[in-house]
Structure formats: structure tokens, C-alpha cells
Amino acid sequence: MTTAPSPRALEHPTRDQIRLEAVLHALSDPVRLRIVRDMAREGTELSCSYFDLPVTKSTTTHHFRVLRESGVIQQVYRGTAKLNALRGDDLDALFPGLLDTVLAAAAAQATRDGGTA
């Protein structure tokens, strides 16, 4: 893991530290997959408060940490807000087509289930 230079900086794996197993684990949870789908759809940095998730605040924090530590997202503080961005370029460079395939499969499943889960 990269080191955090200040208390407000968060640790992220470098591109070469991102592991397929960690990415697949992060994307295997429905709540985390929902977060990633929302981020991919919006295509911009989103604050944690943007997401209306059916879990407690502490569980939401856990999900974001799993996504960050696996290398799926980048989190940065801007003022008092923690902004989240999908690391699509890194994931595409390491695992070409994986993110697009997972997102397409999730969209197809949501359509099949009659919702946007």
C-alpha cells in the first residue's frame, strides 16, 4: 500500500498492487456493486453523501473502505467532503473489459429483476 503523507490522506494501492481477487471480492457485494454502478453512470467524483444506501453509516464506511483498498475507487478529501472516483483507467489497464463486463451484467440482472438494484 502507498503511505498516507498526512492524516487527511487515504491509503490506496498503486496500480501494480491491485489484485484481481481483491477487485472481484469488492464487486461481489450488492451494495458495493451499486456504488460502483452509480459512479460509472455519473462519470464524475461523488461525495459519500450522494449515495442513498440501505445500510448504516458505519457499514457504508466499510463498503467504501473495501472498494478503496481493493483499488476499485480513489478517495480524496476536498475540504470537509470525501470524494470518490472510479479507477476505471487502472482497472481497464490491468483487466481489460472486466469493469465494463461486470457493469453490463449487473444492468442486465437489474432489468431481469425489474428494478435498478
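Each value, and the rule that gives it
- Residues numbered from 1 in each chain as written.
- Predicted model: local features only at pLDDT ≥ 70, side-chain atom pairs only at ≥ 80, totals over all residues.
- Heavy atoms only, no water.
- Salt bridge = Lys/Arg side-chain N within 4 Å of Asp/Glu carboxyl O.
- Helix = DSSP H or I, 4+ residues; strand = E, 2+ residues; numbered from the N terminus.
- Buried < 20%, exposed > 50% of the residue type's maximum accessible area, 1.4 Å probe, protein only.
- Pairing = 2+ DSSP bridges.
- Contact = heavy atoms within 4.5 Å.
- Axes fitted to C-alpha atoms, helices over the stretch in contact; angles between N-to-C directions.
- Parallel < 35°, antiparallel > 145°, perpendicular 65-115°, else oblique.
- Left-handed = near helix turned anticlockwise from the far one by under 90°.
- Nonpolar A, V, L, I, M, F, W, Y, C, P; charged D, E, K, R; others polar.
- Phe/Tyr/Trp six-rings, centres within 6.5 Å; stacked < 30°, edge-to-face > 60°.

J.: Any chance you could break down the pattern of salt bridges for me, citing the residues and the numbers?
T.: Counted by the stated rule, this structure contains seven salt bridges. In this structure, the salt-bridge partner of Glu45 is Arg78, at a minimum N-O distance of 2.5 Å. Within this pair, whereas Glu45 is found in the loop between α2 (30–42) and β1 (46–47), its partner Arg78 is found in strand β2 (residues 73–78), the two being separated by 33 residues in sequence. The partly exposed category is assigned to Arg78, whose relative accessible area is 45%.

J.: Got a sec to walk through the sheet that holds strand β3 (residues 81–86)? Specific residues and values, please.
T.: On the basis of which strands lie adjacent, the open sheet formed by three strands has the order β1-β3-β2 and antiparallel pairing. The outermost strands of the open sheet, each flanked by one partner alone, are β1 and β2. By the bridge criterion, six bridges tie β2 to β3 in an arrangement that is antiparallel. Paired with Val76 across the two strands is Leu83, which belongs to β3. Packing of helix α3 (residues 57–70) onto the sheet brings it into contact with β2 and β3, and relative to β2 it is tilted by some 115°.

J.: With reference to specific residues and values, describe the packing of α2 against α3.
T.: It is the contact of α2 with α3, at a shortest axis distance of 10 Å, that shows an interaxial angle of 70°. As summarised for this structure, α2 and α3 are arranged roughly perpendicular, according to the angle between their axes. For the crossing formed where α2 meets α3, the hand is right-handed. From α2, Val31, Arg32, Ile35 and Val36 reach across to α3, where they touch His62, His63, Phe64, Val66 and Leu67. Considered class by class, the residues forming the contact of α2 with α3 number six nonpolar, two polar and one charged.

J.: Could you give me a rundown of the environment of Ser28, with the residues and numbers involved?
T.: Examined against the element boundaries, Ser28 turns out to sit in the loop between α1 (20–27) and α2. Each C-alpha atom of the pair Ser28 and Val102 lies 9.7 Å from the other, and the pair is 74 residues apart in sequence.

J.: Could you give an account of the packing of aromatic side chains, with specific residues and numbers?
T.: Going through the model one piece at a time under the given rule, you end up with two aromatic pairs. The interplanar angle of 85° and the centroid separation of 5.2 Å between the aromatic rings of Tyr50 and Phe51 together place this pair among those described as edge-to-face. A centroid spacing of 5.4 Å and a plane angle of 65° characterise the contact between Phe51 and Phe64, whose relative ring orientation is edge-to-face. Note that Phe51 is positioned in the loop between β1 and α3 and Phe64 in helix α3, a separation of 13 residues in sequence. Three or more aromatic residues joined by ring pairs make a cluster, and in this case those are Tyr50, Phe51 and Phe64.

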